[in-house]
Each structure stands twice: as C-alpha cells, then as structure tokens.
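# Report on the structure
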Amino acid sequence: MKGVTINYFLPMLKSSFSSWIWKTLGIPVCSLFPSVRCGLEMAILNAIAMSHGSSLLNILYPLRERNEEKSENLASIRICALIDSSGTPEEVARIAVDLVEEGFTAIKIKVARRADPVEDAAVIQEVRKKVGCHIDLRVDANRNWTYEQAIKFGFLVKDYNLQYIEEPVQHESDIIRYCEESGLPVALDETIDNCPENPLNMLVKYNHHQIVALVIKPTVIGGFEKAAMIAQWAHIQGKMAVISAAFESGLALSAYILFSCYLDLQNADTCKLMNNSPASSVAHGFGTYRWLEEDITTDPLGIGRNPSTGFIEASVADATHLLHKFQMNHNFIHRTFTGEKVLGYHLDLDSNDFSFSVNVQEIGQRNNLRNSGSTILFLHGFLGTNEEWVPIMHAISGSARCISVDLPGHGATKIKNCGDDKAALRSLLSIEIIADLLLKLIEHVTPDKVTLVGYSMGARIALYMALKFSDKIEGAVILSGSPGLEDAVARKIRRAKDDSKARSIVTHGLQLFLNTWYSGGLWKSLRSHPYFNHIVVRRSVHDDLQGLAKVLSGLSPGRQPSLWEDLKHCKVPLMLVVGEKDEKFKRLAQKMWHEIGHDRDDAVSKLHQMVVVPSCGHAVHLENPLPIIRLVRQFMTSLRSVKLQEKGNVRDLLIYNQ
C-alpha cells in the first residue's frame, strides 16, 4: 500500500472498498482473509476521519447534513451481556440477575452444550423467572442441535418470551422448517458468515417472518462494507441487524460501536422512508468485552452504566476518543514482528563454459530457531526478475530465510564468458547449466537443504532440480510449471519457435518482443489485471538482450529433457499450483499429479499437494499473491513438522508450530 492514494469519498460509494482493493492494490477481494479486510477497512476509515479532523461515525454518516437531534439521541448504544450456561439453572440465573442489577437490559445465553435439551430449557425457564419479562432474553445454539433436539427445546421454552434463538439447527436447509414448526423467533449467524461478495441473492431465501434478526460479525464476514449491505437488507425486511464481536480488542470494539451507531441511524432513516414505526433500539453483541482480562489499549473501553438511563451502554464519544488518541499498552504485547530490510548482493559463480555474477536478494533472519534449516529459494519466470518475489518474501520472512535471484540473462545478473570465449559464445545456456549454477549458489548460502519456489520457466528449473538433486532439495512449489514435452515432433517445433523468438529479441529489440509476447492467449487473465501495464514496464528493464535470447533458446521446453518418467520416482515433496483460468497448465498439473503417485502410502507422497488458485491465470503469483503466500507457508510448515518429528525434537516442533 506504500504510496497509494486513499480517496476521501471511498466510504460513500457502493462496493467502493471492493473496487478500490482490486483496482488500487491489485488484489482480488476474495483472496483477503475476512478479518484482514475488516481491519483494513477500519484503518482506512479512521485514517480518512483523522485527516479531516472528523470521526469515523461522521465519515460514514455525515451528521451536519442530517438531523442533529437524531445523533444526540444515539450518543450511546445498548450492549447485550453474554453468559456461558455451564452450572445449575439456579447458578446461571444468579449470574443473570447480577447482570440485570449492573444495568444490562439484554442477555444472551449459550445453549446446546448439555447432554439433553431439557437441561438447557430448565436453565432458560429459571433465568426468565428470576430476571422478569422486561429483559430481552436471547439464546444461541451455534448449530449444535439436530432438528429433533432443537424442536424439543423449542417446545419447552415457547412460553418464555425469547427475543430469538440463534442458529438452532445443524443444517441450513432446516432453518425455515424449524421457524414454521416451532413458532419461535430465529436469528441467523453462522448461516451468513460465508456469504458471497454480493450477499443479497443468498439472503432472499431467508425472508421469513419468523427470522427476526441477523447477527453480523464484521471480522468474520469481511468488513464494514459487506456488514452494512446485510444490515440494510435486514432493516428493509423489518428485521434486527445485531452487530456482534468475536473477542476483538478494545481498539476494534471502539470502531464497532461507531459502526453500530451508524447502522442504527440508517435504520431510523429506512423506517421513516417506508413510513414504518420508529425502530426500537437494538442491544448489540459486545458482551465479550468483559471476558478479556487484558487489552492492547491503555485507555479503558467506553462501556459502562449510563448515568441518564441507568443501563449498560457504549459511549460514542468515548469510542471516538479511543480511536483518535489510541496508545498501545506494551505491557500486554508478547511478540511483535516488523518487516526486515532486503539484503542485496552479488555472487560470482562458474558453471561449465560460463562465469556469472548473480544478483541476489535476501530477507529473513539467518540465526533464528524458527528459521533454522528453513531456506526458500525463489526462481522467476522468463522476463521476470528477483524483485517480483520481494513482497511475497517479506510476508514469509518471519518463518523462513527467503532468497531470490536474477536468473542469467535477466535483471542485474551478468553472464561473463570464461575459457574459450568463441566456444562459449556459440554454446547455449541449458537447464543443466542453470541447475548447476543454482546448486553452487545453494552451497554458498547454506549447508542445509533448501525449498524451491519457481514460476513458469523457474518452475521448470525447480522441478528439474527437485527430481535430479533430491539430496539438496527439501521440497518444491511449482507454480504454472511443466515437466517438458514428451513428443519428439512437438519438441522440434517448439525449439524452432523459441529460436525464432530469440532472434527477434536481438534483431527488433525488447519492446516489440514484449508487445507480441503478451498478446498471446496465455496472458489473457493477466491483461485484465489493473497492474498489467506496470508489470510489462518492469519486464523491459533487461539490458543483456544477448543473454535473454540465450535463455529463451537454451531453456526452451523443446531442448529441456522430458521429466515425465522422473516424476514417477519423485523423492521430494511437491506442491503443484495453477491458476483457475489457466486451462492448459491445469491439464498439465492434473497429469503431473497422477504421475507423481500422490496416493502411495509413503512419507513423501503424503506431502504432495495440488492446488488451483481462484481468480487468476498463468501468472498466479502476480495476479493473486495472497493465496501463494499462504500455500508456501503451509508447505514449509508441513516440511518442517515432518523434519522435526523425524529428529524427535518435540520442543522445536512446538515452538515452530506456535
């Protein structure tokens, strides 16, 4: 995000965050963890507010343009308390009574954790008797009951005036049937957790009058934008939109408080627009704030008894103050990690008739228990450089030492001929020469085995090394890779094509070659990427056109030895990764997956994986990098766990998995 412009009008536009994340950051929205997207939205909204001397609430709902009296009436929001129902009915009821005396007007009780729904019903009956009818009583089954158990519970509590029962049944398909048979008011929670980017089509089937509320966890569903869309649908249908926490810190809860106030203000507007009666205030699900002994904020969260009403409420003013004046409580921070600087250097290495000055970039602590023996070597594709791996390396460097190189002919790596210069000039680079060069580089940087991550041409090199030099390779992640061509005629045709392209680079220059190269069908998905022009510009930085031509000819799949037979005897764990839109390489990956014998009952075969990454084509690591980061980390964890288990080092295994 460094240097990215954030528009003040970002929160005002429908689906603006989704569009901004894709067009400005070049990241498919579907690849973001929901919690990460939620944090990103909160940070951006608060940054916009701070830069304009305003509040997050005023950014979402400009009060100067609205009814000022309305905002004063919503200077705080109601909070629902949360009870774990373990204990006897009498013990749970005593806890509920204490909460009511503190000032809570709504209580949610966890159910479906006992052997029999009859026992849960007894708890609810006792609580209702003790707290009276004026308290909103909610129960949450978290989908733990069968349909028959939920019906049994519903029959026993139907006369106890529940505000709603949250997720009473295990299967979504039974929700409407339960509403109709039990007659109880129902709320959705887990049902909407995995809703699509545009959730409205999914929500239509839940427009039943007995579904009275939607419990919305912004951290779980993916941020304020999607939460607001779901809440607006609920309001139009006359249902409650209850914002709920998932054990967030006081910092996030402060943003939730302001967001909840915004939704309540919007609901009031909706009721007025539809000529409905004013909506009653909603008790939002922030009772988890009492369950955390420590917090990352130095200032306490603004939740307490309102002197005017006598009720437990969250103050809008206090939440705004905490966001504006946030101070980290370092007494409770156990571990921090900041991105390391990239170390750049050159290594002079010889291979066969060639001498190379290899440009290397490295990130990650060398002497770290977490990283001990965990070194990843990243190999780019044709026309790439080691620079394209740096964002991915930054993300992985907390758990591994990450090294990327400019392959010969690319970037700042120089080919320096040695020995018989004339013979060397006539000779072609080959996958064998490059593999030998990289083995010497590995020996220089670490005495241990390394894991390879290669893309396209780099994937072919990585696969060759994994199959031929298993004594130096721990595992390999093959992105859009191929074992070469089996058919002799196809190999001959491919050699001729690549030789012609190589001559074109030298004769007509790189720019014309790039225009032709990226017009091919393989790059259709990449061409639609918002960073496509930037990517192409980066591909034009190569100065050594002769070297680039040598690589294109010498490493042509038409000259590369076929590795299909070697795959059957693979001794190194492989992760095969392809883009969803890359039909050609998906077929190749499926065939490779079959050849490596992934279903054999041995240690290596159990670690083989094949993954199709959504929303991208051939250039999978550029088009959708976040899943690649997760996949590489998971692969490294698997390799490391097996390695430590083999050594019997339980202590190191526990530390690493933490």
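Keep in mind the model is a prediction, meaning the values are calculated, not measured.

## Quick look at the overall build of the protein
Assigned secondary structure in the protein consists of 28 helices and 20 strands. C-alpha extents for the protein along the principal axes are approximately 95 × 55 × 50 Å. Looking at the 658 residues of the protein, the share that counts as buried comes to 56%. In the protein, once contacts between residues fewer than 6 apart in sequence are set aside, the share between residues at least 24 apart is 75%.

## Remarks on the nonpolar core
Counting residues in each nonpolar core, the largest one holds 198 residues, and the members touching the most others are Ile 216, Phe 382, Ile 461 and Met 465. In terms of residue count, helix H12 (residues 250-273) provides more of this core than any other element does, 11 residues in total. Leave out the neighbours within four places in its chain, and Ile 461 touches Leu 379, Leu 407, Ile 431, Ile 434, Leu 438 and Leu 555. Core analysis: the next-biggest nonpolar cluster, separate from the first, contains seven residues, Ala 187, Ala 213, Val 215 and Val 282 among them.

## Side note on the sheet that holds strand S6 (residues 186-188)
If you walk across this open sheet you meet the seven strands as S2-S3-S4-S5-S6-S7-S8, and the pairing is parallel. The two strands at the open ends of the sheet, each matched to only one other strand, are strand S2 (81-83) and strand S8 (240-243). On average, adjacent strands in this sheet sit at an angle of 25° to one another, irrespective of strand direction. Of the strand pairs in this sheet, strand S5 (residues 164-166) and S6 are connected by two bridges, and their pairing is parallel. Bridging across to S6, Ile 165 finds its partner in Val 186. The strands touched by helix H8 (residues 175-182) are S5, S6 and strand S7 (211-216); relative to S6, the strand with the most contacts, the crossing angle is about 165°.

## A look at the packing of aromatic side chains
Applying the stated rule across the entire model yields 17 aromatic pairs. Seen in terms of ring centroids, Phe 382 and Phe 513 are 6.3 Å apart; in terms of plane orientation they differ by 85°. Their pairing is edge-to-face. Of this pair, Phe 382 sits in the loop between strand S14 (375-379) and helix H14 (390-396) while Phe 513 sits in helix H19 (residues 510-517), and the two are 131 residues apart along the sequence. Here Phe 513 falls in the buried class, since its relative accessible area comes to 5%. Taken together, the ring pairs connect Tyr 61, Phe 224, Tyr 256, Phe 259, Tyr 262 and Phe 286 into an aromatic cluster.

## Quick word on the confidence of the model for the protein
In the predicted model, the protein carries a mean pLDDT of 90, and 92% of its residues have values of at least 70. No element of the protein has a lower mean pLDDT than helix H15 (residues 421-426), at 45, and none a higher one than strand S17 (residues 450-455), at 98. For the stretch residues 68-73, pLDDT sits under 50, and the model shows seven contacts to residues farther than four places along the chain or on other chains.

## Remarks on the environment of Gly 458
As for its placement among the helices and strands, Gly 458 is situated in helix H17 (residues 457-468). By relative accessible area, Gly 458 is classed as buried at 0%. For the pair Gly 458 and Gly 481, spaced 23 residues apart in sequence, the C-alpha separation works out to 7.9 Å. Dropping the residues within four chain positions of it, Gly 458 is found in contact with Leu 379, His 380 and Gly 381.

## Let's talk about empty space enclosed by the protein
Summed over all chains, the structure comprises three cavities of 30 Å³ or more. The space that makes up the second largest cavity amounts to roughly 50 Å³. What lines the second largest cavity is simply Ile 478, Gly 481, Leu 576, Val 577, Val 578, Phe 585, Ala 589 and Met 592. Among the secondary structure elements, those contributing two or more residues to the lining of the second largest cavity are strand S19 (574-579) and helix H24 (583-595). Its residues assigned to classes, the lining of the second largest cavity shows seven nonpolar, one polar and no charged.

## Examining the pattern of salt bridges
For the structure on display, the rule yields 25 salt bridges. Of the charged contacts, one joins Asp 116 and Lys 152 as a salt bridge, the two residues approaching to 3.4 Å between their closest N and O atoms. Highlighted residues: Asp 116 in the loop between strand S3 (106-110) and helix H6 (117-131) and Lys 152 in helix H7 (residues 147-157), separated in sequence by 36 residues. Since its relative accessible area comes to 25%, Asp 116 is described here as partly exposed. For Lys 152, a relative accessible area of 39% gives the class partly exposed. Here Glu 486 makes a salt bridge to Lys 591, at a shortest N to O gap of 2.7 Å. Of the two residues, Glu 486 sits in the loop between strand S18 (473-479) and helix H18 (488-508) while Lys 591 sits in helix H24, which places them 105 residues apart along the sequence. Here the salt bridges share partners, and the residues they tie into one network are Lys 108, Lys 110, Asp 140 and Glu 166.

## Describing the UniProt feature "domain: Mandelate racemase/muconate lactonizing enzyme C-terminal" (unreviewed entry) in the protein
When the UniProt feature table is mapped onto this chain, "domain: Mandelate racemase/muconate lactonizing enzyme C-terminal" (unreviewed entry) is found at residues 89-185. Helix makes up 49% of residues 89-185 and strand 13%, with an end-to-end C-alpha separation of 23 Å.

## Looking at H18
When the terminal C-alpha atoms of H18 are compared, their 30 Å separation across 21 residues agrees well with the 30 Å that a helix rising 1.5 Å per residue should span. Taken as a whole, H18 has its buried residues at Arg 491, Asp 498, Asp 499, Ala 502 and Ile 505. For H18, the angular spread of the buried residues around the axis is 115°, confining them to a single face. Exposed and oriented more than 90 degrees from the buried face of H18 are Val 489, Lys 492, Arg 503, Thr 507 and His 508.

## Structural notes on the sheet that holds strand S11 (residues 312-315)
Ordered by their spatial adjacency, four strands build an open sheet running S9-S1-S11-S10, and the pairing between neighbours is mixed. On the outer flanks of this sheet lie strand S9 (283-284) and strand S10 (303-305), each paired with one strand and no other. Two strands pair when backbone bridges link them, and strand S1 (residues 76-79) and S9 are joined in this way by two bridges, in the parallel orientation. Residue Ile 79 lies in a different strand from S9, and its bridge partner there is His 284. Helix-sheet contacts for H12 involve S1, S9, S10 and S11, and the interaxial angle to S1 is about 100°.

Cut-off values and rules
- Residues numbered from 1 in each chain as written.
- Predicted model: local features only at pLDDT ≥ 70, side-chain atom pairs only at ≥ 80, totals over all residues.
- Heavy atoms only, no water.
- Helix = DSSP H or I, 4+ residues; strand = E, 2+ residues; numbered from the N terminus.
- Buried < 20%, exposed > 50% of the residue type's maximum accessible area, 1.4 Å probe, protein only.
- Contact = heavy atoms within 4.5 Å.
- Core = buried A, V, L, I, M, F, W, Y, C linked by side-chain atoms within 4.5 Å.
- Pairing = 2+ DSSP bridges.
- Axes fitted to C-alpha atoms, helices over the stretch in contact; angles between N-to-C directions.
- Phe/Tyr/Trp six-rings, centres within 6.5 Å; stacked < 30°, edge-to-face > 60°.
- pLDDT = per-residue confidence, 0-100.
- 1 Å grid on protein atoms, 1.4 Å probe; cavity = no way out; pocket = protein on both sides within 12 Å on 5 of 7 lines; lining within 4 Å.
- Points joined across faces, edges and corners; volume = space filled by probe spheres on them.
- Nonpolar A, V, L, I, M, F, W, Y, C, P; charged D, E, K, R; others polar.
- Salt bridge = Lys/Arg side-chain N within 4 Å of Asp/Glu carboxyl O.
- UniProt positions renumbered as here; feature names shortened; annotations may be inferred.
- Expected span 1.5 Å × (residues − 1).
- Arc of directions from axis to C-beta.

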